[in-house]
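Report on the structure
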Amino acid sequence: MSEAAIADALEARRRLDGPGRKPALLCYVTAVAWLLVGTVFGDYASLLFQYPDLGTSWPALTFGRIRPAHLNAMIYGWSSLAMIGTSLWLVPRLVHTPLRWPSLAMLGGVVWNVGLVLGLWLLLAGRSDGLEWLELDRFFSDPFLVIGGGLVGASILRTLLAGRPKHLYVAVWYIAASFVWFPIIFVTGNLTSFRGVEHAAVNWFYAHNALGFWLTSISLGAIYYFIPKILGRPIHSYQLSLLGFWALAFFYALNGMHHLVGGPLPSWMITTSIVASVMMVIPVAAVAVNHHMTMVGRFTALRYSPTLRFVVLGAMAYTAVSLQGIFTALTEINRITHFTHWTIAHSHVGVYAFVTMVMFGSMYYVVPRLAGREWPSARLIAWHFWLVLIGIAVYVVALTIGGVVQGLALLDPKQPFQASVDVTKPWLLVRSLSAVVLTVGHLIFAWHLFRVLRAGAEPVVFLPWYRARPIRVDEERA
Amino acid sequence: MLSPSLTVVLLVAGMGFASVVAFGWALLRGSLDDPEAQARSILDQRDLRLGRPWETELQAQERTARYGSAVEPRPGEWGGTR
């Protein structure tokens, strides 16, 4: 391949990235802003377990409002906007055509953010829909999310149609399907026509599918792109990747009812959900084996590529959280873990160790290609990685143990309820300390992103290929 | 038996059925044919020829033999480094 041909290939990539640059960057920047907001809410909520009287004179700072504010800022702010930004960059690359209707995508990102600001404002003011993962106001906030997501989705699906690719890479399946699934489950979850038990069932239909058909699916699409792309080798088994996607599409929707084990629902419904949850071992194993086998013999690449380091860690966490979820669906385990901190640990393995890590890795790869500037400091990337890795590992271990001892204490009829609270205290303190470590990692990441994007920063000078040389992360440290 | 759960049953069945329809459409369209080509569709010639510093000598030789002489990566090629 001649130097001119390489330059042409690079120029073609720049042309593909061009129209989607602004909407993708808007989503990334606001996502990181929400990450910081959500982190503050999360830290404060965690601190309330050590100092329960903190801020009680101001209702907006009470646990019942701060905790859902943390959850919604992280799910609809950080995770969703980071995933939308990644999708806006990834889809044009995957179908080899520039983003269509970029103004709509831009508008969609703005509208989504407006809805979230309104929703969180109302939430802190005490106006909540009162349903898990659906706390944002269904009249003044949710319509913005539906319209915003619809505008971005229209842009992405239009790009897909314009590309008319003969071969639909598995990442396209995951991402395109997510933008169809999400509005369906979100609108359904917000309908007001359900009553009583049926409403609880629809609530968990939404909440569990938001994880599987939104957060998981786009993150898996990103993993299926970045691992082969950076390693320069195709995915180990494409058939396995298709098996993973279609098994998720066919059966995942059945899973949500396992959150209601022991609840007043027909037992056949719970049992069906448990069986479907166990069946999920098939797509999970397909994805895990595929990712692992693609990496085999190339694990040293993790020293050179921060993107790969975050993404591979996220892929491992996907396997872990899925297997943990399958076991938690079993009634004997659910009997102990239900209503305990175990569930919080489990959801953080999913939304943080899996989704957030994949999004960090994606942003390390995509932002320089959109901004035309490289990340200025390998050292800051290394600090970010180790802080969030240690932070989330300590967080999950502490809350998992805390959840089990809490569950066992709750089941012991000889012990008063207070005993189940007391046994969790040391673990909740460790959780608060780990949250501080995570916060420092997030601040470093946000500061680093600001340095890449700030006006006047020196653009990267691309050396001719024969002079360019990769710089290892540990090289700068040395 | 179905009264407290009819909505969820219909929703789940609808989503599963829609996936089956999408699968049939993909099958008829030929989107699931030729998995080898699909797996390679994200890798262009430059990706395949980039010299990767983590590869063993044998892996690098295999890459060269299969795709041609190695192309030097640009700064930040692997995401995140200078």
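What counts, and at which threshold
Residues numbered from 1 in each chain as written. Chains lettered and ligands numbered in written order. Predicted model: local features only at pLDDT ≥ 70, side-chain atom pairs only at ≥ 80, totals over all residues. Heavy atoms only, no water. Helix = DSSP H or I, 4+ residues; strand = E, 2+ residues; numbered from the N terminus. Rg over C-alpha atoms; globule rule 2.2 N^0.38 Å. Buried < 20%, exposed > 50% of the residue type's maximum accessible area, 1.4 Å probe, protein only. Contact = heavy atoms within 4.5 Å. Lys, Arg positive; Asp, Glu negative; His and termini not counted. Charge placed at Lys NZ, Arg CZ, Asp CG, Glu CD. Phe/Tyr/Trp six-rings, centres within 6.5 Å; stacked < 30°, edge-to-face > 60°. Lys NZ or Arg CZ within 6 Å of the ring centre and 35° of its normal. Buried area = accessible area lost by both parts, 1.4 Å probe. Salt bridge = Lys/Arg side-chain N within 4 Å of Asp/Glu carboxyl O. Polar contact = N/O pair within 3.5 Å; in protein donor to acceptor, adjacent residues only side chain to side chain. Nonpolar A, V, L, I, M, F, W, Y, C, P; charged D, E, K, R; others polar. pLDDT = per-residue confidence, 0-100. Patch = residues over 30% accessible without salt bridge, like charges linked within 9 Å, V, L, I, M, F, W, Y side chains within 5 Å. Areas by Shrake-Rupley, 256 points an atom, 1.4 Å probe, with all protein chains shown as cover. Axes fitted to C-alpha atoms, helices over the stretch in contact; angles between N-to-C directions. Parallel < 35°, antiparallel > 145°, perpendicular 65-115°, else oblique. Left-handed = near helix turned anticlockwise from the far one by under 90°. Core = buried A, V, L, I, M, F, W, Y, C linked by side-chain atoms within 4.5 Å.

Within chain B, the regular secondary structure consists of four helices and zero strands. In summary, chain B has a C-alpha radius of gyration of 23 Å against a globular reference of 12 Å for 82 residues, an excess of more than 25%. Its C-alpha atoms give chain B principal-axis dimensions of about 65 × 35 × 20 Å. With 82 residues in all, chain B has 45% of them scored as buried. Put simply, of all contacts in chain B between residues at least 6 apart along the chain, 28% involve residues at least 24 apart. Taken as two groups, the 9 positive and 10 negative side-chain charges of chain B have centres that lie 5 Å from each other.

Overall, the coordinates contain 39 aromatic pairs over all chains when judged by the stated rule. Relative to A:Phe182, the ring of A:Trp112 has its centre 6.1 Å away and its plane inclined at 35°; by these criteria the two rings are tilted. In this pair, A:Trp112 sits in helix α4 (residues 102–124) while A:Phe182 sits in helix α6 (residues 170–190), placing the two residues 70 residues apart along the sequence. Residue A:Trp112 shares its accessibility class with A:Phe182, and that shared class is buried. Seen in terms of ring centroids, B:Trp54 and B:Trp78 are 4.8 Å apart; in terms of plane orientation they differ by 70°. Their pairing is edge-to-face. With B:Trp54 in the loop between α3 (45–49) and α4 (57–67) and B:Trp78 in the segment after α4, this residue pair connects regions lying 24 residues apart in the sequence. Using a relative accessible area of 5% as the deciding quantity, one classes B:Trp54 as buried. Pairwise contacts between aromatic rings join A:Trp173, A:Tyr174, A:Trp181, A:Phe213, A:Tyr224, A:Phe245, A:Trp246, A:Phe250, A:Phe251, A:Tyr252 and B:Phe23 into one cluster. Note that A:Arg309 overlies the ring of A:Phe385, its terminal NZ or CZ placed 5.4 Å from the centroid. When the ring centre of A:Tyr365 is taken as reference, the NZ or CZ atom of A:Arg369 above it lies at 3.7 Å.

Attention now goes to the interface of chain A and chain B. Contact with chain A, which involves 70 residues of that partner, is made by 56 residues of chain B. Here chain A packs against chain B, burying approximately 5700 Å² in sum over the two surfaces, 63% of which is carbon and sulfur. Linking chain A with chain B are three salt bridges. Here B:Asp47 makes a salt bridge to A:Lys229, at a shortest N to O gap of 2.6 Å. The interface formed by chain A and chain B holds 14 residue pairs in polar contact (both at pLDDT 80 or more) in total. For the side of chain A that touches chain B, the leading source of residues is helix α7 (residues 196–231) of chain A, giving twelve residues. Across the side of chain A that touches chain B, the residue classes tally to 49 nonpolar, nine polar and twelve charged.

This part takes up the confidence of the model for chain B. On average, chain B scores 84 in pLDDT, and the residues at 70 or more come to 91%. Taken together, the chains of this predicted complex give a pTM of 0.91 and an interface ipTM of 0.90.

Taken together, the side chains of A:Leu243, A:Val278, A:Val281, A:Ile282, A:Leu323, A:Phe327 and A:Leu330 define a hydrophobic patch exposed on the protein surface, amounting to about 540 Å² of accessible area. Its place among the elements puts A:Val281 in helix α10 (residues 281–295).

So, on to the environment of A:Met293. Along the chain, A:Met293 turns up in helix α10. Along the primary structure A:Met293 and A:Ile235 are separated by 58 residues, whereas in three dimensions their C-alpha atoms are 8.3 Å apart.

Here we come to the environment of A:Tyr304. Residue and element names in this part refer to chain A. The topology assignment puts Tyr304 in helix α11 (residues 301–304). Residue class for Tyr304 comes out buried when judged on its relative accessible area of 10%. Separated by 195 residues in the primary sequence, Tyr304 and Gly109 have C-alpha atoms spaced 33 Å apart.

Looking now at the packing of helix α15 (residues 378–411) of chain A against helix α17 (residues 425–453) of chain A. Residue and element names in this part refer to chain A. Between α15 and α17, the shortest axis-to-axis distance is 8 Å and the interhelical angle comes to 155°. The orientation of α15 relative to α17 falls into the category roughly antiparallel. Seen from above, α15 lies across α17 with left-handed handedness. When its residues are assigned to classes, the contact of α15 with α17 shows 21 nonpolar, seven polar and two charged.

Our next topic: unusual backbone geometry. Residues and elements named next belong to chain A. Even without glycine at this site, His96 takes up a positive phi of about 55°. One can find His96 in the loop between α3 (63–95) and α4. A relative accessible area of 53% means that His96 is categorised as exposed. Although it is not a glycine, Trp133 sits at a positive phi angle of roughly 70°. Residue position: Trp133 is located in the loop between α4 and α5 (142–163).

Further remarks concern the nonpolar core. Residues and elements named next belong to chain A. Counting 158 residues, the largest nonpolar core has Tyr76, Trp78, Trp133, Tyr169 and Tyr206 as the members making the most contacts within it. With 20 residues, α7 is the single largest residue contributor to this core. Apart from the residues within four sequence positions on either side, Trp133 is in contact with Leu71, Asn72, Ile75, Tyr76, Tyr206, Ala207, Ala210, Leu211, Leu215 and Val351.

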